[in-house]
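Next come the chains, spelled out residue by residue.
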Amino acid sequence: QVQLVESGGGFVQAGGSLRLSCAASGWMYRNYVIGWFRQAPGAEREFVAAISWSGRTTSYADSVKGRFTVSRDNAKNTVYLQMTSLKPEDTADYYCAVQSGGNPFANNPQLYGAWGQGTQVTVSS
């Protein structure tokens, strides 16, 4: 059973930065992909970024390209989401999830299995 735990959320002013972490434990799929998603109040969950097992392939939503960077440290079973130039519209609960299919360009949440409990990010204007 894979377990994911997000951390690093908080309150920040517009233009600021945060780094989210996603720590994985338990049995892991070979060549698994980790995706980051977010969900604002009253909105559907949306794709933010994903990273391949090797870390060499990443993908991003257009809304965060150039501002967010996803990376991973497999020795620590941890994936990071560095968020810079934050905007009020980035306010949401952020979740990480595992995808066993190995496709780092998959942006449909239904393609992802285990999910973390989420970490809240609030960006003030």
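For the structure itself, look to the data block above.
Notes on the structure in this doc start here. Residue positions within a chain follow its written sequence, with the count starting from 1. It should be noted that, the model being predicted, local features are given only for residues of pLDDT at least 70 and side-chain atom pairs only at 80 or more, the latter also being counted only at that level, while totals for whole chains, interfaces and linings use all residues. Calculation of side-chain values draws on the structure's entire complement of heavy atoms; hydrogens and water are dropped beforehand.

Digging into the pairing of strand 8 (residues 78-83)
Quick reminder of the rule: Burial classes: relative accessible area under 20% of the type maximum marks a residue as buried, over 50% as exposed, and values in between as partly exposed (1.4 Å probe, protein chains only). Each helix corresponds to a stretch of at least 4 residues labelled H or I by DSSP, and each strand to a stretch of at least 2 residues labelled E; elements are numbered beginning at the N terminus. At least two bridges found by DSSP between two strands is the condition for calling them paired.
Most of strand 8 is tucked away, with five of its six residues classed as buried. Pairing between strand 3 (residues 18-25) and strand 8: six bridges, direction antiparallel. Counted as the bridge partner of serine 21 is tyrosine 80 from strand 8. The sheet contact formed by strand 7 (residues 68-73) and strand 8 spans six bridges and is antiparallel. In the strand pairing of strand 8, serine 71 is matched with tyrosine 80.

Examining empty space enclosed by the protein
Any empty space left between the atoms is revealed when a probe the size of a water molecule rolls over them. Let me state the cut-off plainly: For cavity detection a 1 Å grid was placed over the protein atoms alone, and a set of points counts as a cavity when a 1.4 Å probe fits there but cannot get out; an open set counts as a pocket when protein lies on both sides within 12 Å along at least five of seven lines, with lining residues being those that have an atom within 4 Å of a point. Grid points are joined across faces, edges and corners, and a volume is the space filled by probe spheres set on the points.
What the rule picks out here adds up to one cavity of 30 Å³ or more. Computed from the structure, the largest cavity encloses a volume of approximately 40 Å³. What lines the largest cavity is simply Cys22, Ala24, Tyr32, Ile34, Arg72, Asp73, Asn74, Asn77, Thr78 and Val79. Broken down by secondary-structure element, the contributors of at least two residues to the lining of the largest cavity are strand 3, strand 7 and strand 8.

Limitation: the analysis is restricted to geometry and does not speak to function.
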